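Given next are the chains, with one letter for each unit.
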Amino acid sequence: MPASTALTFDVKPNQKPLAESDRLKAFENLGFGTLFSDHMAVIRWTSEKGWHSGEITARAPFPIDPASSVLHYAQEIFEGMKAYRAADGRVVLFRPEENARRFNESARRMAMPELPEQAFLDAVEKLVRIDAKWIPEGEGSLYLRPFMFASETFLGVRPSKEYIFCVIASPVGPYFKGGAKPVKIWVSENFTRAALGGTGAAKCGGNYAASLVAQAEAVEHGCDQVVFLDAAEHRWVEELGGMNVFFVMDDGSVLTPPLGGTILPGITRKSLIQLARDEGIVVEEKQYSFEEWRADAASGRLREAFACGTAAVVAGIGTVKFKGGEFQIGTGETGPVTTKLRQALVGIQRGQGNDQHGWLHPIEGI
Ligand code: PLP
Ligand code: COI
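Residues numbered from 1 in each chain as written. Chains lettered and ligands numbered in written order. Predicted model: local features only at pLDDT ≥ 70, side-chain atom pairs only at ≥ 80, totals over all residues. Heavy atoms only, no water.

1. A few points about the nonpolar core
Judged by nonpolar contacts, the single largest core of 52 residues is most densely connected at Ile43, Phe120, Val128, Leu144, Met148 and Phe165. A domain split of this core shows at least three residues from each of domain 1 (9-172) and domain 2 (183-349). Non-local contacts of Phe165, meaning those with residues more than four positions away in its chain, are made with Ala41, Val42, Ile43, Trp51, Phe103, Leu115, Phe120, Ala123, Pro146, Phe147 and Met148. (Core = buried A, V, L, I, M, F, W, Y, C linked by side-chain atoms within 4.5 Å. Buried < 20%, exposed > 50% of the residue type's maximum accessible area, 1.4 Å probe, protein only. Domains from an automatic or database assignment. Contact = heavy atoms within 4.5 Å.)

2. Topic: the site of ligand 2
Inspection of the region around ligand 2 gives Phe32, Phe78, Gly80, Tyr143, Arg145, Tyr175, Lys203, Gly242, Thr310 and Ala311 as its neighbouring residues. Thr310 is positioned such that a nitrogen or oxygen atom in its backbone is 3.5 Å from an oxygen atom of ligand 2. One nitrogen or oxygen atom from the main chain of Ala311 is found 2.8 Å from an oxygen atom belonging to ligand 2. In terms of residue class, the shell around ligand 2 is made up of 5 nonpolar, 3 polar and 2 charged. Formed jointly, the shell around ligand 2 draws a minimum of three residues from each of two domains, domain 1 (9-172) and domain 2 (183-349). (Near = heavy atom within 4 Å. Polar contact = N/O pair within 3.5 Å; in protein donor to acceptor, adjacent residues only side chain to side chain. Nonpolar A, V, L, I, M, F, W, Y, C, P; charged D, E, K, R; others polar.)

3. Here's the deal with the pattern of salt bridges
Any two side chains of opposite charge can pair, given that their charged atoms come close. For the structure on display, the rule yields 16 salt bridges. As a salt-bridge pair, Arg23 and Glu20 come within 3.9 Å of each other at their nearest N and O atoms. Separated by 3 residues within a single helix, Arg23 and Glu20 lie in helix α1 (residues 20-27), roughly one turn from each other. For Arg23, a relative accessible area of 5% translates into the label buried. (Salt bridge = Lys/Arg side-chain N within 4 Å of Asp/Glu carboxyl O. Helix = DSSP H or I, 4+ residues; strand = E, 2+ residues; numbered from the N terminus.)

4. Points about the packing of aromatic side chains
Per the stated rule, a full pass over the model turns up 20 aromatic pairs. Three or more aromatic residues joined by ring pairs make a cluster, and in this case those are Phe247, Tyr288, Phe290, Trp293, Phe322 and Phe327. Taking NZ or CZ as reference, Arg23 lies 5.8 Å from the ring centre of Trp134, over its face. (Phe/Tyr/Trp six-rings, centres within 6.5 Å; stacked < 30°, edge-to-face > 60°. Lys NZ or Arg CZ within 6 Å of the ring centre and 35° of its normal.)

5. Structural notes on helix α3 (residues 96-109)
For α3, spanning 14 residues, the distance from its first C-alpha to its last is 20 Å, which sits close to the expected 20 Å at 1.5 Å a residue. Listing the buried residues of α3 in full gives Pro96, Glu98, Asn99, Ala100, Arg102, Phe103, Asn104, Ser106 and Ala107. Where α3 terminates, the next one or two residues include Ala111, which has phi positive at roughly 55 degrees. (Expected span 1.5 Å × (residues − 1).)

6. As for helix α8 (residues 336-349)
The terminal C-alpha atoms of α8 lie 20 Å apart, and with 14 residues this matches the ideal 20 Å at 1.5 Å per residue to within 8%. Of all the residues in α8, the buried ones are Val337, Thr338, Leu341, Leu345, Gly347, Ile348 and Gln349. The positive-phi residue at the C-terminal boundary of α8 is Gly351, with phi of around 70 degrees.

7. What to know about the environment of Arg158
Looking at the secondary structure, you find Arg158 in the loop between β7 (141-150) and β8 (162-172). Between the C-alpha atoms of Arg158 and Asn354, which are 196 residues apart in sequence, the distance is 48 Å.

8. Focus on the site of ligand 1
For ligand 1, the set of nearby residues contains 17 residues, the closest of which are Arg102, Tyr208, Glu239, Thr268 and Thr310. Residue Lys203 places a side-chain N or O atom 2.7 Å away from an oxygen atom belonging to ligand 1. Within the side chain of Thr268, a nitrogen or oxygen atom sits 2.5 Å from an oxygen atom of ligand 1. In the complex, 97% of the free accessible area of ligand 1, which totals 380 Å², lies under the protein chains. Contributing elements (two or more residues each) for the shell around ligand 1: β11 (237-240), α6 (267-278) and β15 (302-309). Residues of the shell around ligand 1, tallied by class, amount to 6 nonpolar, 7 polar and 4 charged. (Areas by Shrake-Rupley, 256 points an atom, 1.4 Å probe, with all protein chains shown as cover.)

9. Re empty space enclosed by the protein
According to the stated counting rule, one finds 2 cavities of 30 Å³ or more in the structure shown. Counted as a void, the largest cavity has a volume near 100 Å³. Lining the largest cavity are Gly80, Met81, Lys82, Tyr84, Phe94, Asn99, Ile267, Thr268, Thr310 and Gln349. Counting residues per element, the ones that place at least two in the lining of the largest cavity are β5 (81-85) and α6. The element best represented in the lining of the largest cavity is β5, accounting for 3 residues. Looking at the lining of the largest cavity residue by residue, the class counts come to 4 nonpolar, 5 polar and 1 charged. Two domains share the lining of the largest cavity, each providing at least three of its residues, namely domain 1 (9-172) and domain 2 (183-349). (1 Å grid on protein atoms, 1.4 Å probe; cavity = no way out; pocket = protein on both sides within 12 Å on 5 of 7 lines; lining within 4 Å. Points joined across faces, edges and corners; volume = space filled by probe spheres on them.)

10. Observations concerning the side chain of His361
Among the secondary structure elements, His361 is positioned in strand β18 (residues 360-363). Using a relative accessible area of 17% as the deciding quantity, one classes His361 as buried. Looking at His361, its side chain comes within polar contact range of the side chain of Glu125, at 2.7 Å. Aside from chain neighbours lying at most four places away, what touches His361 is Val91, Val92, Leu93, Pro96, Glu97 and Glu125.

Now the structure itself:
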(Lines give C-alpha, C1' and ligand atoms only; values in the text may rest on other atoms or scores of the structure.)
(Ligands and ions follow the chains in the order given, each with its own letter.)
Protein backbone atom coordinates (compact mmCIF):
# COMPACT_ATOMS: atom_id res chain seq x y z
CA MET A 1 0.00 0.00 0.00
CA PRO A 2 1.60 3.35 -0.98
CA ALA A 3 2.04 5.58 2.10
CA SER A 4 -0.43 8.17 0.76
CA THR A 5 -3.36 5.79 0.13
CA ALA A 6 -5.44 5.06 3.19
CA LEU A 7 -6.65 1.49 3.48
CA THR A 8 -10.42 1.20 3.42
CA PHE A 9 -12.51 -1.28 5.37
CA ASP A 10 -15.63 -3.08 4.14
CA VAL A 11 -18.03 -3.18 7.06
CA LYS A 12 -20.18 -6.31 7.25
CA PRO A 13 -22.07 -6.26 10.54
CA ASN A 14 -22.58 -9.54 12.38
CA GLN A 15 -26.06 -10.84 11.54
CA LYS A 16 -26.18 -12.89 14.74
CA PRO A 17 -24.75 -10.72 17.53
CA LEU A 18 -24.94 -12.04 21.09
CA ALA A 19 -28.26 -11.12 22.69
CA GLU A 20 -28.01 -8.13 25.04
CA SER A 21 -29.28 -10.16 28.00
CA ASP A 22 -26.54 -12.80 27.44
CA ARG A 23 -23.89 -10.12 27.12
CA LEU A 24 -24.93 -8.38 30.31
CA LYS A 25 -25.03 -11.72 32.13
CA ALA A 26 -21.50 -12.51 30.93
CA PHE A 27 -20.39 -9.07 32.17
CA GLU A 28 -21.35 -10.03 35.73
CA ASN A 29 -18.29 -12.20 36.17
CA LEU A 30 -15.53 -10.93 33.92
CA GLY A 31 -12.17 -12.65 34.02
CA PHE A 32 -9.47 -12.26 31.41
CA GLY A 33 -9.66 -13.35 27.79
CA THR A 34 -12.59 -15.75 27.85
CA LEU A 35 -15.38 -13.64 26.36
CA PHE A 36 -15.21 -12.07 22.88
CA SER A 37 -17.12 -9.34 21.09
CA ASP A 38 -19.24 -9.78 17.95
CA HIS A 39 -16.75 -8.51 15.35
CA MET A 40 -13.14 -8.56 14.24
CA ALA A 41 -11.02 -6.39 11.96
CA VAL A 42 -9.00 -8.16 9.26
CA ILE A 43 -6.42 -6.93 6.72
CA ARG A 44 -4.52 -9.19 4.36
CA TRP A 45 -1.03 -8.86 2.91
CA THR A 46 0.57 -10.59 -0.03
CA SER A 47 3.93 -9.89 -1.57
CA GLU A 48 2.17 -8.93 -4.84
CA LYS A 49 -0.59 -6.71 -3.51
CA GLY A 50 0.77 -5.42 -0.18
CA TRP A 51 -1.93 -4.60 2.39
CA HIS A 52 -5.45 -5.01 1.01
CA SER A 53 -8.97 -6.27 1.68
CA GLY A 54 -9.55 -4.49 4.99
CA GLU A 55 -12.80 -5.53 6.60
CA ILE A 56 -14.80 -5.35 9.79
CA THR A 57 -16.77 -8.53 9.96
CA ALA A 58 -18.40 -11.07 12.27
CA ARG A 59 -15.82 -12.74 14.53
CA ALA A 60 -15.25 -16.19 13.03
CA PRO A 61 -12.55 -18.87 12.70
CA PHE A 62 -9.98 -18.60 9.90
CA PRO A 63 -9.64 -21.59 7.58
CA ILE A 64 -5.97 -22.54 7.94
CA ASP A 65 -4.12 -24.87 5.61
CA PRO A 66 -2.13 -27.49 7.55
CA ALA A 67 0.98 -26.27 5.72
CA SER A 68 0.37 -22.65 6.72
CA SER A 69 3.82 -21.40 7.69
CA VAL A 70 2.76 -19.98 11.07
CA LEU A 71 1.91 -23.51 12.22
CA HIS A 72 5.48 -24.63 11.58
CA TYR A 73 7.81 -21.67 12.04
CA ALA A 74 5.75 -19.45 14.38
CA GLN A 75 5.92 -16.20 12.45
CA GLU A 76 3.38 -14.43 14.66
CA ILE A 77 3.31 -11.15 16.58
CA PHE A 78 0.68 -9.41 18.67
CA GLU A 79 -0.19 -6.37 20.75
CA GLY A 80 -2.29 -5.78 23.86
CA MET A 81 -4.23 -2.58 24.50
CA LYS A 82 -7.48 -1.50 26.09
CA ALA A 83 -10.50 0.71 25.33
CA TYR A 84 -12.01 2.34 28.42
CA ARG A 85 -15.33 4.01 29.06
CA ALA A 86 -14.13 7.24 30.72
CA ALA A 87 -15.91 8.89 33.65
CA ASP A 88 -17.46 11.47 31.29
CA GLY A 89 -18.84 8.78 28.94
CA ARG A 90 -16.15 9.11 26.26
CA VAL A 91 -14.56 5.96 24.86
CA VAL A 92 -10.78 6.27 25.00
CA LEU A 93 -7.66 4.33 24.05
CA PHE A 94 -4.41 4.78 25.96
CA ARG A 95 -1.34 5.66 23.85
CA PRO A 96 -2.42 3.47 20.90
CA GLU A 97 0.27 5.00 18.69
CA GLU A 98 2.83 3.32 20.95
CA ASN A 99 1.23 -0.06 20.24
CA ALA A 100 1.23 0.63 16.50
CA ARG A 101 4.92 1.55 16.63
CA ARG A 102 5.89 -1.46 18.77
CA PHE A 103 3.90 -3.76 16.48
CA ASN A 104 6.11 -2.68 13.59
CA GLU A 105 9.26 -3.12 15.67
CA SER A 106 8.11 -6.69 16.35
CA ALA A 107 7.30 -7.13 12.64
CA ARG A 108 10.81 -6.07 11.63
CA ARG A 109 12.41 -8.50 14.08
CA MET A 110 10.27 -11.36 12.80
CA ALA A 111 10.85 -10.57 9.09
CA MET A 112 7.19 -9.64 8.62
CA PRO A 113 5.77 -6.70 6.66
CA GLU A 114 5.17 -3.47 8.57
CA LEU A 115 1.58 -2.26 8.75
CA PRO A 116 1.18 1.51 8.26
CA GLU A 117 0.47 2.92 11.75
CA GLN A 118 -2.69 4.60 10.48
CA ALA A 119 -4.09 1.28 9.23
CA PHE A 120 -3.37 -0.31 12.63
CA LEU A 121 -5.14 2.58 14.41
CA ASP A 122 -8.07 2.58 11.97
CA ALA A 123 -8.61 -1.16 12.41
CA VAL A 124 -8.62 -0.82 16.20
CA GLU A 125 -10.88 2.25 16.20
CA LYS A 126 -13.38 0.78 13.77
CA LEU A 127 -13.63 -2.41 15.80
CA VAL A 128 -14.14 -0.47 19.05
CA ARG A 129 -16.78 1.69 17.37
CA ILE A 130 -18.84 -1.24 16.08
CA ASP A 131 -18.45 -3.17 19.37
CA ALA A 132 -18.69 -0.20 21.75
CA LYS A 133 -21.46 -1.90 23.72
CA TRP A 134 -18.91 -4.55 24.65
CA ILE A 135 -16.94 -2.08 26.76
CA PRO A 136 -17.90 -2.93 30.33
CA GLU A 137 -18.88 -0.12 32.68
CA GLY A 138 -17.04 0.39 35.96
CA GLU A 139 -13.62 -1.15 36.44
CA GLY A 140 -13.64 -3.42 33.41
CA SER A 141 -12.33 -2.56 29.97
CA LEU A 142 -12.32 -3.88 26.43
CA TYR A 143 -8.99 -5.65 25.87
CA LEU A 144 -7.91 -5.38 22.24
CA ARG A 145 -5.65 -7.94 20.68
CA PRO A 146 -4.16 -6.92 17.32
CA PHE A 147 -2.05 -9.74 15.84
CA MET A 148 -0.51 -10.87 12.60
CA PHE A 149 0.45 -14.32 11.38
CA ALA A 150 2.12 -15.95 8.38
CA SER A 151 -0.56 -17.57 6.23
CA GLU A 152 1.32 -18.80 3.17
CA THR A 153 0.93 -22.51 2.39
CA PHE A 154 4.61 -23.36 2.22
CA LEU A 155 7.07 -25.44 4.23
CA GLY A 156 10.34 -23.87 3.12
CA VAL A 157 12.10 -21.90 5.82
CA ARG A 158 11.96 -18.26 4.74
CA PRO A 159 9.64 -15.33 5.51
CA SER A 160 6.09 -16.01 4.37
CA LYS A 161 4.74 -14.20 1.32
CA GLU A 162 1.24 -13.90 2.84
CA TYR A 163 0.02 -12.59 6.18
CA ILE A 164 -3.24 -11.92 7.98
CA PHE A 165 -3.56 -8.99 10.38
CA CYS A 166 -6.52 -9.18 12.72
CA VAL A 167 -7.91 -7.39 15.78
CA ILE A 168 -10.25 -9.10 18.23
CA ALA A 169 -11.79 -7.62 21.37
CA SER A 170 -12.46 -9.16 24.76
CA PRO A 171 -14.26 -7.50 27.68
CA VAL A 172 -12.07 -8.05 30.73
CA GLY A 173 -11.98 -7.65 34.47
CA PRO A 174 -8.88 -8.18 36.63
CA TYR A 175 -6.03 -10.24 35.14
CA PHE A 176 -5.20 -11.89 38.46
CA LYS A 177 -7.88 -13.97 40.15
CA GLY A 178 -7.08 -12.36 43.52
CA GLY A 179 -8.09 -8.93 42.11
CA ALA A 180 -6.19 -6.16 43.92
CA LYS A 181 -4.42 -8.55 46.33
CA PRO A 182 -0.61 -8.53 46.03
CA VAL A 183 0.73 -11.28 43.80
CA LYS A 184 3.23 -14.06 44.50
CA ILE A 185 6.13 -14.40 42.11
CA TRP A 186 8.23 -17.46 41.28
CA VAL A 187 11.86 -16.90 40.30
CA SER A 188 12.77 -19.16 37.41
CA GLU A 189 16.33 -20.37 37.89
CA ASN A 190 16.32 -23.09 35.20
CA PHE A 191 14.50 -21.41 32.34
CA THR A 192 15.28 -18.11 30.68
CA ARG A 193 13.01 -16.10 28.46
CA ALA A 194 15.35 -14.32 26.08
CA ALA A 195 19.02 -13.92 25.25
CA LEU A 196 20.83 -11.01 23.64
CA GLY A 197 20.26 -11.10 19.91
CA GLY A 198 17.07 -13.11 20.38
CA THR A 199 13.46 -11.98 20.25
CA GLY A 200 12.95 -10.79 23.86
CA ALA A 201 12.11 -7.21 22.86
CA ALA A 202 9.55 -8.33 20.27
CA LYS A 203 5.99 -9.21 21.16
CA CYS A 204 5.97 -12.52 19.33
CA GLY A 205 3.96 -15.58 20.28
CA GLY A 206 7.12 -17.71 20.50
CA ASN A 207 8.34 -15.77 23.55
CA TYR A 208 5.18 -16.75 25.39
CA ALA A 209 5.38 -20.38 24.26
CA ALA A 210 8.91 -20.48 25.69
CA SER A 211 7.69 -19.01 28.99
CA LEU A 212 4.86 -21.46 29.62
CA VAL A 213 6.82 -24.24 31.28
CA ALA A 214 8.32 -21.71 33.71
CA GLN A 215 4.88 -20.20 34.30
CA ALA A 216 3.51 -23.70 34.99
CA GLU A 217 6.33 -24.17 37.52
CA ALA A 218 5.25 -20.89 39.16
CA VAL A 219 1.67 -22.13 39.44
CA GLU A 220 2.87 -25.47 40.88
CA HIS A 221 4.60 -23.48 43.60
CA GLY A 222 1.44 -21.52 44.38
CA CYS A 223 2.60 -18.38 42.55
CA ASP A 224 0.76 -16.10 40.13
CA GLN A 225 3.60 -15.26 37.76
CA VAL A 226 7.13 -16.21 36.90
CA VAL A 227 10.01 -13.73 36.92
CA PHE A 228 12.93 -14.39 34.59
CA LEU A 229 16.62 -13.75 35.18
CA ASP A 230 19.02 -12.94 32.35
CA ALA A 231 20.16 -15.76 30.09
CA ALA A 232 23.92 -15.10 30.28
CA GLU A 233 24.52 -15.06 34.05
CA HIS A 234 21.17 -16.12 35.55
CA ARG A 235 21.69 -13.20 37.87
CA TRP A 236 19.91 -10.04 36.73
CA VAL A 237 16.17 -9.60 37.11
CA GLU A 238 14.57 -9.08 33.70
CA GLU A 239 10.77 -9.20 33.65
CA LEU A 240 7.78 -11.39 34.38
CA GLY A 241 6.13 -13.72 31.88
CA GLY A 242 3.72 -10.98 30.83
CA MET A 243 4.69 -7.85 32.77
CA ASN A 244 7.58 -5.52 33.56
CA VAL A 245 8.81 -5.15 37.13
CA PHE A 246 9.62 -2.16 39.40
CA PHE A 247 11.26 -1.86 42.83
CA VAL A 248 10.68 0.92 45.39
CA MET A 249 13.62 1.60 47.73
CA ASP A 250 13.66 3.04 51.26
CA ASP A 251 14.96 6.43 50.03
CA GLY A 252 11.79 6.76 47.94
CA SER A 253 13.55 6.10 44.63
CA VAL A 254 12.27 3.61 42.09
CA LEU A 255 14.30 1.15 40.04
CA THR A 256 13.39 -0.92 36.98
CA PRO A 257 15.56 -3.17 34.77
CA PRO A 258 16.86 -1.36 31.67
CA LEU A 259 15.70 -2.13 28.13
CA GLY A 260 18.58 -3.93 26.51
CA GLY A 261 16.97 -6.08 23.85
CA THR A 262 15.94 -8.95 26.10
CA ILE A 263 12.82 -7.47 27.73
CA LEU A 264 9.64 -6.05 26.27
CA PRO A 265 9.59 -2.23 26.19
CA GLY A 266 6.30 -1.97 28.05
CA ILE A 267 4.05 1.01 27.42
CA THR A 268 2.84 0.83 31.02
CA ARG A 269 6.49 0.77 32.14
CA LYS A 270 7.29 3.84 30.05
CA SER A 271 4.18 5.65 31.32
CA LEU A 272 4.90 4.85 34.98
CA ILE A 273 8.50 6.07 34.67
CA GLN A 274 7.08 9.37 33.39
CA LEU A 275 4.35 9.58 36.05
CA ALA A 276 6.85 8.82 38.83
CA ARG A 277 9.19 11.54 37.55
CA ASP A 278 6.22 13.94 37.35
CA GLU A 279 5.77 13.26 41.10
CA GLY A 280 9.43 14.12 41.74
CA ILE A 281 10.38 10.47 42.30
CA VAL A 282 13.88 9.51 41.19
CA VAL A 283 13.64 6.61 38.71
CA GLU A 284 16.65 4.57 37.67
CA GLU A 285 16.69 2.10 34.80
CA LYS A 286 19.38 -0.08 36.25
CA GLN A 287 20.29 -3.74 36.50
CA TYR A 288 19.23 -5.35 39.77
CA SER A 289 20.36 -8.83 40.74
CA PHE A 290 18.30 -11.52 42.40
CA GLU A 291 20.95 -11.55 45.19
CA GLU A 292 20.44 -7.82 45.80
CA TRP A 293 16.66 -8.31 45.69
CA ARG A 294 16.82 -10.91 48.47
CA ALA A 295 19.28 -8.95 50.58
CA ASP A 296 17.37 -5.66 50.21
CA ALA A 297 14.07 -7.33 51.09
CA ALA A 298 15.70 -8.76 54.24
CA SER A 299 17.38 -5.51 55.28
CA GLY A 300 14.34 -3.36 54.59
CA ARG A 301 16.18 -1.31 51.93
CA LEU A 302 13.54 -2.60 49.47
CA ARG A 303 10.12 -1.36 50.50
CA GLU A 304 7.86 -2.36 47.61
CA ALA A 305 7.89 -4.17 44.29
CA PHE A 306 5.24 -4.24 41.60
CA ALA A 307 4.46 -5.76 38.23
CA CYS A 308 2.92 -3.72 35.43
CA GLY A 309 1.42 -4.21 32.00
CA THR A 310 -1.72 -3.54 29.99
CA ALA A 311 -3.50 -6.68 31.16
CA ALA A 312 -2.33 -6.57 34.78
CA VAL A 313 -2.24 -2.73 35.12
CA VAL A 314 -0.15 -2.33 38.33
CA ALA A 315 -0.03 -5.24 40.78
CA GLY A 316 1.89 -5.19 44.07
CA ILE A 317 4.28 -8.10 44.61
CA GLY A 318 3.92 -9.41 48.16
CA THR A 319 5.99 -12.60 48.18
CA VAL A 320 8.86 -14.00 46.13
CA LYS A 321 9.46 -17.75 46.02
CA PHE A 322 12.46 -19.57 44.65
CA LYS A 323 14.03 -23.04 44.84
CA GLY A 324 15.75 -22.25 48.12
CA GLY A 325 12.82 -20.67 49.97
CA GLU A 326 10.77 -17.50 49.91
CA PHE A 327 10.82 -13.95 51.17
CA GLN A 328 8.34 -11.16 51.71
CA ILE A 329 8.61 -7.63 50.39
CA GLY A 330 7.87 -4.89 52.92
CA THR A 331 4.71 -5.74 54.81
CA GLY A 332 3.62 -8.20 52.12
CA GLU A 333 0.83 -5.80 51.20
CA THR A 334 0.63 -3.38 48.26
CA GLY A 335 2.72 -0.38 49.31
CA PRO A 336 1.93 3.35 49.17
CA VAL A 337 4.15 4.24 46.20
CA THR A 338 2.70 1.37 44.16
CA THR A 339 -0.81 2.52 45.07
CA LYS A 340 -0.06 6.14 44.20
CA LEU A 341 1.41 5.29 40.81
CA ARG A 342 -1.43 2.89 40.06
CA GLN A 343 -3.99 5.57 40.91
CA ALA A 344 -2.21 8.16 38.77
CA LEU A 345 -2.19 5.80 35.77
CA VAL A 346 -5.73 4.48 36.18
CA GLY A 347 -6.99 8.04 36.81
CA ILE A 348 -5.68 9.11 33.39
CA GLN A 349 -6.94 5.96 31.65
CA ARG A 350 -10.42 6.53 33.09
CA GLY A 351 -10.46 10.20 32.13
CA GLN A 352 -10.39 11.34 35.75
CA GLY A 353 -6.77 12.43 36.05
CA ASN A 354 -4.78 15.22 34.48
CA ASP A 355 -3.75 13.88 31.08
CA GLN A 356 -0.88 16.36 30.86
CA HIS A 357 1.09 14.29 28.34
CA GLY A 358 -1.86 13.85 25.96
CA TRP A 359 -1.92 10.06 26.28
CA LEU A 360 -5.65 9.60 25.85
CA HIS A 361 -6.96 8.96 22.37
CA PRO A 362 -10.73 9.51 22.37
CA ILE A 363 -12.79 7.68 19.77
CA GLU A 364 -15.27 10.22 18.53
CA GLY A 365 -18.89 9.59 17.75
CA ILE A 366 -19.71 6.71 20.09
N1 PLP B 1 6.48 -7.74 29.36
C2 PLP B 1 5.83 -8.74 28.74
C3 PLP B 1 6.56 -10.01 28.48
C4 PLP B 1 4.49 -8.56 28.34
O5 PLP B 1 3.82 -9.55 27.74
C6 PLP B 1 3.86 -7.33 28.61
C7 PLP B 1 2.47 -7.12 28.21
O8 PLP B 1 2.17 -6.69 27.17
C9 PLP B 1 4.59 -6.32 29.24
C10 PLP B 1 5.89 -6.56 29.61
C11 PLP B 1 3.98 -4.98 29.50
O12 PLP B 1 3.81 -4.26 28.31
P13 PLP B 1 2.68 -3.18 28.15
O14 PLP B 1 2.80 -2.30 29.35
O15 PLP B 1 3.00 -2.49 26.89
O16 PLP B 1 1.40 -3.91 28.13
C1 COI C 1 -0.73 -7.57 27.87
O2 COI C 1 -0.62 -7.07 28.99
O3 COI C 1 -1.37 -7.02 26.98
C4 COI C 1 -0.08 -8.83 27.52
O5 COI C 1 0.08 -9.10 26.37
C6 COI C 1 0.38 -9.75 28.54
C7 COI C 1 -0.36 -11.00 28.71
C8 COI C 1 -0.22 -11.36 30.16
C9 COI C 1 -1.78 -11.03 28.30
